[in-house]
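Here is how the chains run, residue by residue.
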Amino acid sequence: MAAYDLRINGSARSVEATDSDKPLLYVLRGLGLTATKFGCGLGQCGACTVLLDGKSVRSCQTAIGEARGKTVTTLEGLGTAAQPHPLQAAFIREQVPQCGYCTNGMIMSAAGLLARVPKPSEDQVRSELDGNLCRCGSHVRVVKAVMAASGQGG
Amino acid sequence: MNLDPRFSRRTLLQGGALSIGFAWFGAKPDRAHAQGAAASADRTLSPEAVDAYFVIDADGSVTLYCGKVDLGQGLRIAIPQMAAEELGIGIDRISFVEGDTATTPDQGPTAGSTGIQRGGVQVRQAAATARKALIEMAAQKLNVPSAELATADGMVRPKAGGNGISFAELLAGKRFDLKLDPKAPLKDPKDYTIVGKPLPRPDVPAKSTGTHIYMQDFALPGMLHGRVIRPSSIGASLVSVDESSIKDSAGVKLIRIKDFLGLVGEDEWTVIKAMRALKCQWSAATTLPPQADVPSLMKAGPFTRDEKISGTGETSPAITADARTVKATYYWPMQSHASMGPSCAVADMRADGATVWTASQASHRLRGIVARLFSLPAEKVRVIYLDGAGCYGMNGHDDAAADAALLSRAAGRPVRVQWMREDEHGWDPKGPPQLLEISGSIDAEGRILDWRTEMWIPEATRGLPNIPLLGPGDAGIAQPMGLSTGLISQNGGPPYAAPNQSVVAHWLKDAPLRPSNLRAPGKIANCFAVESFFDELAAAIGRDPAELRLKGLSDPRGIEVLKRTIALMKWQPRPSPATERSGPIMRGRGIAYIHYKFQETYLAMGMEVAVERATGKIKVQRVACAHDCGLIVNPDGVRSQVEGCIIQTLSRAMYEEVTFDRARVTSTDWASYPILTMSEVPKIEIDLVSRPDQPPVGAGEAATAPVAAALANAVFDATGVRLRTVPFTPERVKAAIERRST
């Protein structure tokens, strides 16, 4: 068992893991941060997306060893229902989620994009989110919400 | 935007009479709403009784207990809207409890797009019965004739004004003790103030901020994580297990019940690693047919019966000399529910009963399954619904529940099982394959002289209580055997004037993979065949397919949605295919229509596509849909469902087919079973026809049905190539274009 120091949603945390290959996904969920979802474990669907030092990554493909010393932001850390992040506020306003299992990944990937490109084009939003799958068909609303959150349209 | 905390899921769930605590994953001890199997309501749960649906508390708030569940389709707001409207109380005074067998009436599975049209209508009738009773009680107390009283804001008041009396005061802690009165008068829709409003769904804020507790996030104190190692081939038996292969996995315990093999442990990741490390040997089994042979094998049988689904007119009508006769075969392959989150359940099996937490569409049905599997009286089994990743029928949720129950019973602790991605894609029950052959004749005036549909489809075994589940099968627990496919023979005939027509189903005894009901069971493939074939008839006589549809329809609601779709599409009448299709990008438009199940929603759908000649890639650019589901309870909810229907079915039509070799499913991840991605989603325009005077019918399935036909018709218009086999992959489209041009 080794300890790994990292910052999660603004707080310094020391987490124990039996092996450095343990995916960040399971570390976060073990801490009660269950917004981050297991979808495939293969980096194909995006449901487990978090920000690592401000960049969107698949937490199922990010070993705790790689996250050591870094800053992790999850959907819970982005904002709350009382004080939502602009992306969360837009997702609520546009009534985006159906089942909502992909919503974490949609918002976190979009947050990664907006950090790099504050005013993306619709095509940029679509192509950034191509790696985030949705089965219910909430896509149209996702794009609308991301555009609105970046202060465009909505 | 609604951020009102009173609408949070937690509050809604806590509205019920359930309060004993348990721990969520990690540190969320305050989230509590459920307890063990022994809990049961101190009131009747008969779906015939008003008290099964409504409890009015002393403070005047109402708890609505509903057997139908919100799978992401918005019942969590729509059904309370119907109840609040009919009772005469603000919707913020209603708490909603759903899908808990200990507290909600059995209203049947949340399936077949019946949530509103049956479940909601039942709740509405219960509310109307309650309102009538409350008014009668108030009439006595106030000494005013019932006819002069009305309900509003949780009070009964004289219509003329003056003091009222609250529901809580009228009931004074008593129950209604009334049966649902089918004659209890319903509110006049013109007086509606809550139904018809696009109220926000109460779960959206928590889903958008990461605090919504899904089935996959639920945990109990002392709970173990479990994984099941499925056989290497379908039908294989377990020859040997090398326990030493997981000796380094601290605290992981192996559980074997005949061919059922599972692992449990305290830490989920450790269990997953052990699952990957475990060495075991399975017998060889090659039970599957060659995939390419499935359509021909479906025609060969064996069949349990042939059924004439519908038919009118002569068997051999006179075909006029100017008529054209067409015959075509359409095939829809097996498809997966492909839920975003692998199926999950938690079971707590004890000597005196069982509690199962599930995301199944049918908690009451699952209660019966668990009772039968483990020889428990049904009243000792409690099944509690929690939201899962979307299921669109019966996916793996019920199997995961049985897995968790088997492991919990063996381990003597509560066990959570979440499937891995390869389990979900590999082992979820599949949408069945469908083969249709249609022949017909049409005269030069566009009159359909003759129409014959034959379909070859896996049967839905009569009286089968449920699909045989995987875990119990491997564990050697006897289960009723058979197939469950849903109502897959509906919409097999033309919705247009056709005096001589018949639809015959050849019911197959077997299916290559375990089938189940997958969204709009059967209707998607049937409408694909019927509406493609109608276009083939139109093309045979050189007529515009939209005009010809209008000519064949007599139902004014059908005509309305078709005309509105034609308007949205700015449709210019001309025959298909388009005359200009020589360039590298070929463009076309298509249209399709359905009267869902011939008795529910009316809708028409138009589509514009561009097809790339060099690659065969279809780009759907625009979809327009006019949709009439009668009374609209929540227009934004309906729009959301129609969008979802269109996008999901475009994915199914363009990409999806479960692949398998002779032993097992080979499409076991998102690379081998791709679905539509963000960049490919078209512009969608929806026109909702509002008919407050009509009963509310379903919106969760109907708009899936015409998607593939509208797409195939648009591709034909663009390219002159008729696609009759799903999915319309670039390879398939390219090959068809090349065949045509050679």
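Keep in mind that this is a model prediction, so the values were computed, not measured.

**Points about the sheet that holds strand β2 (residues 62–66) of chain B**
Two orientations exist for strands paired in a sheet by backbone hydrogen bonds: parallel and antiparallel. Residues and elements named next belong to chain B. The sheet built from 3 strands is open, its strands ordered β1-β2-β3 with mixed pairing. Edge positions in the sheet fall to β1 (54–56) and β3 (94–98), since each has one partner strand and no second. Between one strand axis and the next, the sheet turns through 20° on average, direction left out of account. Alignment of β2 against β3, held across 5 bridges, turns out to be parallel. Within the sheet, the bridge partner assigned to Leu64 lies in β3 and is Phe96.

**What about unusual backbone geometry?**
All names here are of chain B. Of note, the bond from Gly301 into Pro302 is cis; its omega dihedral lies within 30 degrees of zero at 5°. Inspection of the secondary structure assignment puts Pro302 in the loop between α8 (294–300) and β12 (303–312). A cis geometry characterises the amide bond from Ser576 onward to Pro577, with omega recorded as 0°. Relative to the helices and strands, Pro577 is located in the loop between α15 (556–569) and β21 (585–595). One non-glycine residue with positive phi stands out, namely Lys258, at about 55°. Here Lys258 lies in the loop between β9 (253–257) and β10 (260–265).

**Some thoughts on the interface of chain A and chain B**
Residue-level contacts link 52 residues of chain A with 64 residues of chain B. At the boundary of chain A with chain B, total buried surface from both sides reaches about 4,800 Å², with 57% on carbon and sulfur atoms. Sorting the residues of chain A by area buried against chain B places Gln95(A), Gln98(A) and Arg135(A) first, and these three jointly supply 18% of that buried surface. Joining chain A to chain B, the criterion identifies 7 salt bridges. A salt bridge links Asp19(A) to Lys273(B); the nearest nitrogen and oxygen atoms lie 2.7 Å apart. Here chain A is connected to chain B by 30 residue pairs in polar contact (both at pLDDT 80 or more). Put simply, the parts of the chain that give the side of chain A that touches chain B at least two residues each are α1 (24–30), α3 (75–78), α4 (86–93), α5 (103–116), α6 (122–128) and α7 (139–149) of chain A. In terms of residue count, the dominant contributor to the side of chain A that touches chain B is α7(A) (5 residues).

**Side note on the packing of aromatic side chains**
Residue and element names in this part refer to chain B. Applying the stated criterion across every chain yields a total of 10 aromatic pairs over all chains. An aromatic cluster is present here, built from Tyr330, Trp332, Phe528 and Phe728 joined pairwise through their rings. A cation over a ring is seen here: Arg43 above Tyr65, with NZ or CZ 3.8 Å from the ring centre. In this structure, Lys299 is placed above the aromatic ring of Trp456, and the distance from its NZ or CZ to the ring centre is 4.9 Å.

**Examining the nonpolar core**
Judged by nonpolar contacts, the single largest core of 94 residues is most densely connected at Met607(B), Ile618(B), Leu650(B), Leu711(B) and Phe728(B). With 10 residues, helix α13 (residues 523–540) of chain B is the largest single contributor of residues to this core. When near neighbours in sequence (up to four residues on either side) are disregarded, Leu711(B) contacts Met607(B), Val609(B), Ile618(B), Val620(B), Leu650(B), Ala653(B), Met654(B) and Phe728(B). Of all hydrophobic cores here, the second largest spans 55 residues; its members include Leu87(A), Met106(A), Val142(A) and Val658(B).

**Details of the pattern of salt bridges**
Under the definition given, this model contains 53 salt bridges over all chains. A salt bridge links Asp217(B) to Lys37(A); the shortest N-O distance between them is 3.0 Å. Placement of Asp217(B) in the loop between α6 (204–209) and β7 (224–229) and of Lys37(A) in the loop between α1 and β3 (49–52) is noted, with the two residues assigned to different chains. One network of salt bridges, in which partners are shared, links Arg76(B), Glu98(B), Asp203(B), Lys207(B) and Asp387(B).

**Section: the sheet that holds strand β14 (residues 344–350) of chain B**
All names here are of chain B. Spatial ordering of the open sheet is given by β9-β10-β7-β17-β14-β15-β16, a layout of 7 strands whose pairing is mixed. The open sheet has two free edges, formed respectively by β9 and β16 (381–385), since each of these has just one partner strand. Between one strand axis and the next, the sheet turns by 25° as a mean value, whatever way the strands run. Pairing geometry for β7 and strand β17 (residues 415–418), over 3 bridges, is parallel. Across the sheet, Leu224 pairs through a bridge with Val415, a residue of β17. Across the sheet, helix α7 (residues 268–277) touches β7, β10 and β17, and the angle it forms with β7 is around 20°. Those strands touched by helix α10 (residues 397–411) are β7, β9, β10, β14, β15 (353–358) and β17, and its axis lies near 35° from that of β14.

**A word on the domain arrangement of chain B**
All names here are of chain B. Annotation of chain B at the domain level lists domain 1 (9–203), domain 2 (216–284 + 338–427) and domain 3 (434–741). On a C-alpha basis, the centres of domain 1 and domain 3 stand 37 Å from each other. Both sides together, the interface formed by domain 1 and domain 3 hides about 1,400 Å², and carbon and sulfur atoms give 55% of it. For the pair domain 1 and domain 3, the interface holds 10 residue pairs in polar contact (both at pLDDT 80 or more). Among the secondary structure elements, those contributing two or more residues to the side of domain 1 that touches domain 3 are α3 (75–87) and α4 (115–142). The residue inventory of the side of domain 1 that touches domain 3, partitioned by class, reads 12 nonpolar, 7 polar and 3 charged.

**A short note on the state of the cysteines**
All names here are of chain A. Inspection of every chain in the model, using the stated rule, returns 0 disulfides over all chains. Residue Cys40 stays outside any disulfide, its sulfur separated by 3.8 Å from that of Cys45, the closest cysteine. Given a relative accessible area of 5%, Cys40 falls into the buried group.

**A few points about the environment of Gly393(B)**
All names here are of chain B. Within the element layout of this structure, Gly393 appears in the loop between β16 and α10. The exposure class assigned to Gly393 is buried, which follows from its relative accessible area of 6%. Between the C-alpha atom of Gly393 and that of Asn517, which follows or precedes it by 124 residues, the distance is 5.3 Å. Among all residues touching Gly393, those that are not within four sequence positions of it are His337, Gln361 and Asn517.

Quick notes on the rules
Residues numbered from 1 in each chain as written. Chains lettered and ligands numbered in written order. Predicted model: local features only at pLDDT ≥ 70, side-chain atom pairs only at ≥ 80, totals over all residues. Heavy atoms only, no water. Pairing = 2+ DSSP bridges. Helix = DSSP H or I, 4+ residues; strand = E, 2+ residues; numbered from the N terminus. Axes fitted to C-alpha atoms, helices over the stretch in contact; angles between N-to-C directions. Contact = heavy atoms within 4.5 Å. Buried area = accessible area lost by both parts, 1.4 Å probe. Salt bridge = Lys/Arg side-chain N within 4 Å of Asp/Glu carboxyl O. Polar contact = N/O pair within 3.5 Å; in protein donor to acceptor, adjacent residues only side chain to side chain. Phe/Tyr/Trp six-rings, centres within 6.5 Å; stacked < 30°, edge-to-face > 60°. Lys NZ or Arg CZ within 6 Å of the ring centre and 35° of its normal. Core = buried A, V, L, I, M, F, W, Y, C linked by side-chain atoms within 4.5 Å. Buried < 20%, exposed > 50% of the residue type's maximum accessible area, 1.4 Å probe, protein only. Domains from an automatic or database assignment. Nonpolar A, V, L, I, M, F, W, Y, C, P; charged D, E, K, R; others polar. Disulfide = S-S within 2.5 Å.

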